[in-house]
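Listed here are the chains, written in short residue letters.
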Amino acid sequence: MADCLFCKMVSGEITPDTVHEDDDILAFKDINPQAPLHVLIIPKAHIATVNELSDANAATVGRLFLAAKRIAADNGLAGPGYRLVMNCNADAGQTVFHIHLHLLGGRPMTWPPG
Ligand code: 5GP
Ligand code: ZN
């Protein structure tokens, strides 16, 4: 998608602070971190929101979570814990319309979220 910020990261037009990349997935540091570790994990394929997911995306979505748990473990967060969040549309606060899994960790968090 030409106008999509995260597609520009996938294509290399914009260079993020990458922490993981493979055939299907890119993971990079959030530019405005909300925790000591704040990584965004995205599929390389453009999917605007969770509402657009189909069975064909099931494996890719699974890989987002597997990448998240590896990155969390690599940063010493498997024991202390961390939060995984995917916002969908306005009420959840989604601002970039290319799905991304937020990995947040390194501090205690409250529940429910705001
Ligand atoms: P959302 O609100 O859509 O769930 O999350 C979008 C996230 O993208 C936000 O946490 C925001 O800080 C992050 N973000 C927005 N623009 C950029 C950017 O240019 N680079 C990086 N690394 N993160 C960005
Ligand atoms: Zn995109």
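Quick caveat: nothing in here was measured; it's all calculated off a predicted structure.

1. Looking at the coordination of the zinc ion (ligand 2)
- Distances from the zinc ion (ligand 2) to its protein donors, namely Cys4 (SG), Cys7 (SG), His46 (ND1) and His98 (ND1), fall within the range 2.0 to 2.3 Å.
- Because the angles between the four donor atoms bound to the zinc ion (ligand 2) fall within 106 to 116°, the donor set is best described as tetrahedral.
- Between consecutive donors of the zinc ion (ligand 2), the numbers of intervening residues give the motif C-x2-C-x38-H-x51-H. Pair noted here: Cys7 is in helix α1 (residues 5-11) and His46 is in the loop between β3 (37-43) and α2 (58-74), with a separation of 39 residues, a long-range link.
- With a relative accessible area of 27%, His46 lands in the partly exposed category.

2. Some remarks on the packing of aromatic side chains
- Counted by the stated rule, this structure contains one aromatic pair.
- Taking 5.3 Å as the distance between ring centres and 75° as the angle between the ring planes, the aromatic pair formed by Phe6 and Phe28 counts as edge-to-face. Residue Phe6 is found in helix α1, and its partner Phe28 is found in strand β2 (residues 25-29); the two are separated by 22 residues along the sequence.
- You can call Phe6 buried: its relative accessible area is 4%.
- The exposure class of Phe28 is buried, given its relative accessible area of 3%.

3. Observations concerning unusual backbone geometry
- Residue Pro112 is reached from Trp111 by a cis peptide bond, and omega for that bond is 5°.
- Note that Pro112 resides in the segment after β5 (101-105).
- The backbone of Asn89 shows a phi angle near 65°, a positive value even though the residue is not glycine.
- With respect to the element layout, Asn89 can be found in helix α3 (residues 89-92).
- Judged by relative accessible area, Asn89 falls into the partly exposed class, the value being 31%.

4. Some details on the site of ligand 1
- In the vicinity of ligand 1 lie 16 residues, with Lys29, Asp30, Asn87, Thr95 and His102 positioned nearest.
- At a separation of 3.3 Å, a nitrogen atom of ligand 1 approaches a polar backbone atom of Ile31.
- Within the contact set of ligand 1, an oxygen atom lies 2.8 Å away from a side-chain nitrogen or oxygen of Asn87.
- Within the complex, 80% of the 510 Å² of free accessible area of ligand 1 lies under protein.
- If you map ligand 1 onto the pockets, it falls in the largest pocket.
- Those elements giving two or more residues to the shell around ligand 1 turn out to be α1 and β2.
- Tallying contributions element by element places α1 first for the shell around ligand 1, with three residues.

5. Some words on the layout of surface pockets
- Here the largest pocket defines a volume of roughly 490 Å³.
- Listed by contribution, the elements that provide at least two residues to the lining of the largest pocket are β3, β4 (82-85) and β5.
- Here the residues of the lining of the largest pocket are counted per class, giving nine nonpolar, eleven polar and three charged.
- As for the second largest pocket, its lining consists of Leu5, Phe6, Met9, Ile14, Thr15, Pro16, Asp17, Phe28, Lys29, Asp30, Ile31 and Leu40.
- Sorting the residues of the lining of the second largest pocket by element identifies α1 and β2 as the ones contributing at least two each.
- A per-element tally of the lining of the second largest pocket places α1 first, with three residues.
- Class assignment for the residues of the lining of the second largest pocket results in eight nonpolar, one polar and three charged.

Cut-offs applied
Residues numbered from 1 in each chain as written. Chains lettered and ligands numbered in written order. Predicted model: local features only at pLDDT ≥ 70, side-chain atom pairs only at ≥ 80, totals over all residues. Heavy atoms only, no water. Donors = N, O, S within 2.8 Å, 3.2 Å for Na, K, Ca; no water. Tetrahedral: all angles 85-135°; square planar, octahedral: opposite > 155°, others 65-115°. Helix = DSSP H or I, 4+ residues; strand = E, 2+ residues; numbered from the N terminus. Buried < 20%, exposed > 50% of the residue type's maximum accessible area, 1.4 Å probe, protein only. Phe/Tyr/Trp six-rings, centres within 6.5 Å; stacked < 30°, edge-to-face > 60°. Near = heavy atom within 4 Å. Polar contact = N/O pair within 3.5 Å; in protein donor to acceptor, adjacent residues only side chain to side chain. Areas by Shrake-Rupley, 256 points an atom, 1.4 Å probe, with all protein chains shown as cover. 1 Å grid on protein atoms, 1.4 Å probe; cavity = no way out; pocket = protein on both sides within 12 Å on 5 of 7 lines; lining within 4 Å. Sits in = over half its atoms within 2 Å of the grid points. Points joined across faces, edges and corners; volume = space filled by probe spheres on them. Nonpolar A, V, L, I, M, F, W, Y, C, P; charged D, E, K, R; others polar.

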